[in-house]
Amino acid sequence: MGYVAGEFDVIVIGAGHAGCESALASARMGCDTLLLTINLDMVAFMPCNPSIGGPAKGHVVREIDALGGEMGRHIDKTFIQMRMLNTGKGPAVHALRAQADKFAYQHLMKKTIEETPNLTLRQGMAEELIVEDGKCVGILTKTGAEYRAKAIVVTTGTYLRGKIIMGELMYESGPNNQQPSVRLSASLKEHGLELIRFKTGTPPRVNKDTIDFSKTEIQPGDEKLKFFSHETESSDNEQLPCWLTYTSEETHRIINDNLHRAPMFSGAIEGTGPRYCPSIEDKIVRFADKPKHQVFLEPEGKHTSEYYVQGLSTSMPEDVQLKIVRSVPGLENAEIMRNGYAIEYDAVIPTQLWPTLETKVIDGLFTAGQINGTSGYEEAAGQGIIAGINAARKVQGKEGVIIGREQGYIGVMIDDLVTKGTNDPYRLLTSRAEYRLLLRHDNADLRLTPLGYEIGLITEERYGKFLRKKELVELELERLRNTKVKPDDMKVMLEAASSAQMTQGADALSLLRRPEVTYAHLESVLPSPYELSDEMKEQVEIQIKYEGYIEKQLLQVERLNKMEKKKMPEDIDYGDVRGLASEAKQKLSVIRPLSIGQASRIAGVTPADISILLVYLEHYNRVTAARKSGS
Amino acid sequence: MIHDTIAAISTAVGEGGIAIIRVSGPQAISGISRIFSSKISLNDAESHTVHYGHIVDPSSGEKIEEVLLTLMHGPRSFTAEDVVEINAHGGVIAVKKVLDIVLLQDNIRTAEPGEFTKRAFLNGRIDLMQAEAVIDLIRSKSDRAFSVARKQAEGALSKKIKALRQTVIELLAHIEVNIDYPEHDVEEMTSAYIREQCQLAIGEIDKLLKTANEGKILREGIVTAIVGRPNVGKSSLMNVLTQENKAIVTDIPGTTRDVIEQFVTLNGIPLRLLDTAGIRETSDIVERIGVERSRDAFQDADLILFVLNHNEPLQSDDRQLLQQLEGRSVVAIINKTDLPGHLEMDEVERYVASDRIVRMSVLEERGLDGLEATISEMFFEGQLEANDLTYVSNVRHISLLKRAKGSLEDAIEATYSGIPIDVIQIDARLAWESLGEILGDEAGDSLIDQIFSQFCLGK
């Protein structure tokens, strides 16, 4: 029935945001890579909101770029609006968010993939894993093609046994009415992976020509642009505004009158939906006191009339959706072009993964993206690049790469997933990071580009530029530290900054520590001999202004790292560790943490259990050392 | 390898006895030198030397306690780290004050159960053969500490801490939602609001600290259950010991229908006295509940004062209780010695050692000295060490409350110097974590839960 269709180093199943980054990383690292997708027209498609970035998510895009991934470069080329959010807050939470021309984005990504050496893009539906001696060695497609490989990355998004729900209507489907992947779930289960059912949803899209924008508020993009990729220097993309309106009393009445037809409440939906992304019916029931909710109207691209109605995610029946939409000021005459819907799908319980994103039960099988219980394009892409890197390194016989919680949001996310699991689709939030001040938008390259270079995804040229930037920032800090200034010379500048006058001489750095004195102020009297970009100046300013807090967090990181460096032996049997509480034994046996640090983050493992593990580890190491010296 | 410094009382505390506070870790010497006033500087002192001086409160300059310090440089110490042992001349209050001040020093924290021994092992001081013993020690001490903490978590203190924590987490959730959902129609957090909320929490912490010092809420002591069958004089004994008429005293059996609690100090030894309903089989529902509680109190007590009636022969309820005394710290009180004796003393002595039997007449207030002497003896022989955990955990509470307060004060200060809210959040979060440590809560996901239950967010 099957035929041998090809042999690769790495196969990636699914060409969404996780799959694209995975396949690109693997191919660029020199692995012969196959990227398989159910529909070639859906490569890098955005089935929900037409935007990329925002707090924590935007940070991830910067991190992907710093590692040598593509999401940042592609959105920089295809955005139709760019905004820096949180500019009134500290530098750690400044967050870039772009509206995407979603069609331009996916076409450009498809082109990049097609032009990448070692990378084969092929339409086809994977239905079975081929596992030999506990090792994943290939896949079988619906059409009978057998592809062999040394590592497989599964990035099926919401396609696995996907089911669309809209009021009373329910049918098997992937997102946006694509064919669902029905048989792969069974194959994953058969080989020992435990699956759960999650749910997500999307709002209706309406026709721009039927919107009365005069009843809404305009939300323009920034004038001074910043970019996701560290390599993008400028752009002449034309920007389109978004528009803000609100639900009305009428909206709430319509929803309340039709709750009996809402699958969320009728029991038709079994999957767990995300807390942070509830449908409009969910919001109105849970926050009954709130008189109105925001609704943002966002263009889906330059060459389309479709507008995404952010805030009205719903799985109500079509007739109710239309009433809901038309109860919103500005949308009285709106025509719906696509319905909103809820979608249920299978996901892998992520505690079954190692922090490299390889599954524990099947050697050589990796999973990334929504299949791991996350939500969001950025979260998917962040996992995708790591899974791709690690699949390639596995093939090349190299050790897996793990990003620490102090190194990046990608590290926070993966550690959360594999250590704690998740009860609902996981979204990154800046509050999930302990060391938020270290994980800034501005220093993503400082955090991760050396790693990207080491892995082989950052070119010599780019790395050279990076080193030069780093050097200049350090030179400038050094210069300011060594420049002594006199009160008289600073008088005018301090006045301009509305800052108190100096009473005695000091170094220039101390002036920059004052909250109201910016680098620009300082530069006006003490111009730098170095050729510094705006980015470098920003770096100097942030590193000085928040030095105290940054140092505090670095100290905490140092402690964390001591615990992370204490590796658990691979052959440890927690059942045999005397004194561990039974809950801890059970949890540790499932998670199999790589280090004491990871063990300490498992829910149900107490400090006493960690003390016992430390004693056990010391005992183990001493016995092992004694054995070695004895033999 | 180990980076922080730990401290704890390493001997039992009692008036007249000597208490040792052991401090171990890299900051042991420098930390203690800041609060030790003496002719010599600890930082320059040689290893294995003893120094006389005073522990001083660095904030007020006040001399707290006259002490002898023993100083040992690592690795020649029990833990193989730098160790300072503070020998204080006892007195519960004084030793507690010293420990309070020690714990307020940077990078010094309360030792976890069994942690000195654990460090000794990890630093290679203890032989491999003893690894199992070390693990057992950590396990048993932690379990005991956990059960103490759990009991406190059910009490009034924990309710207050939870309320306090709620104030802080609502503030945190609000800050977070401003950061993670900048475009949502949630009010922007202002410096004034942050200050107001922090001040509110500080006010509550101050109240708690004040009551803690007065010993009203953070009650500590050896849990002492007065047990016996009905009408043998348990409540009268309690009244004599507390000199107050709290418990109802009548000669109708079954009058005390609940457990009554009093806090007393006997010869400087803190006791938490529980007067229990008489334990007997009964059909009265209300009394039966009381009897159930008495049984619980009996099970949990560190010390049992078992009261028998000298005037009557042993009854089946007495015998049942006697049989349950094995392995417990118990004093048998033969009450009503003013009346003729009908009690089978030889049978009682089969269950209770004769030096743990005290003859009394509570009515005539005779024999009280004997009881006090017996309890003191048991205490100083270390038979009643269980109370240490309650005691230390309370000291721990106070230091954590102070730490939380300090973090909130840092947050307030930061609002005045133009620090952005996401940085102020770091201080507020520390406060929340310190409060959480008191309850033994895991910080984890609850902040995220709070964000989504407090605010309506979505796309």
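Below, the structure is looked at part by part. This one's a predicted model, so the numbers in the text were calculated from it and none came from an experiment.

All names here are of chain B. Following Gly-74, the chain continues to Pro-75 via a peptide bond in cis, the omega torsion being 0°. Not every positive phi belongs to a glycine, and His-48 is a case in point at roughly 55°. Assignment of secondary structure puts His-48 in the loop between β3 (36–37) and β4 (49–56). Although it is not a glycine, Asn-231 sits at a positive phi angle of roughly 60°.

A few words now on the sheet that holds strand β2 (residues 19–24) of chain B. Residues and elements named next belong to chain B. Reading across the sheet, the seven strands line up as β3-β4-β5-β6-β2-β1-β7 and stay open at both edges, with mixed pairing between neighbours. Edge positions in the sheet fall to β3 and β7 (108–110), since each has one partner strand and no second. Where β4 lies against strand β5 (residues 63–72), eight bridges are found, and the strand directions are antiparallel. Directly across from Thr-49, in β5, lies its bridge partner Leu-71.

Right, let's get into the packing of aromatic side chains. Residues and elements named next belong to chain A. Applying the stated criterion across every chain, the model contains seven aromatic pairs over all chains. Arranged with centres 4.7 Å apart and planes meeting at 40°, the rings of Phe-213 and Trp-243 form a pair that is tilted. Of the two residues, Phe-213 sits in the loop between β15 (205–207) and β16 (217–219) while Trp-243 sits in strand β17 (residues 242–246), which places them 30 residues apart along the sequence. When the centroid spacing of 3.7 Å and the interplanar angle of 5° are considered together, the rings of Tyr-453 and Tyr-463 count as stacked. One end of the pair, Tyr-453, is in helix α12 (residues 444–455); the other, Tyr-463, is in helix α13 (residues 460–482), with 10 residues separating them in the sequence. Using a relative accessible area of 17% as the deciding quantity, one classes Tyr-463 as buried. Taken together, Phe-213, Trp-243 and Tyr-307 form an aromatic cluster joined through their ring pairs. In this arrangement the basic side chain of Lys-360 is found over the ring face of Trp-354, its NZ or CZ atom lying 5.4 Å from the centre. Sitting over the face of the ring of Tyr-426, Arg-432 holds its NZ or CZ atom 4.1 Å from the ring centroid.

The rules behind each value
Residues numbered from 1 in each chain as written. Chains lettered and ligands numbered in written order. Predicted model: local features only at pLDDT ≥ 70, side-chain atom pairs only at ≥ 80, totals over all residues. Heavy atoms only, no water. Helix = DSSP H or I, 4+ residues; strand = E, 2+ residues; numbered from the N terminus. Pairing = 2+ DSSP bridges. Phe/Tyr/Trp six-rings, centres within 6.5 Å; stacked < 30°, edge-to-face > 60°. Buried < 20%, exposed > 50% of the residue type's maximum accessible area, 1.4 Å probe, protein only. Lys NZ or Arg CZ within 6 Å of the ring centre and 35° of its normal.

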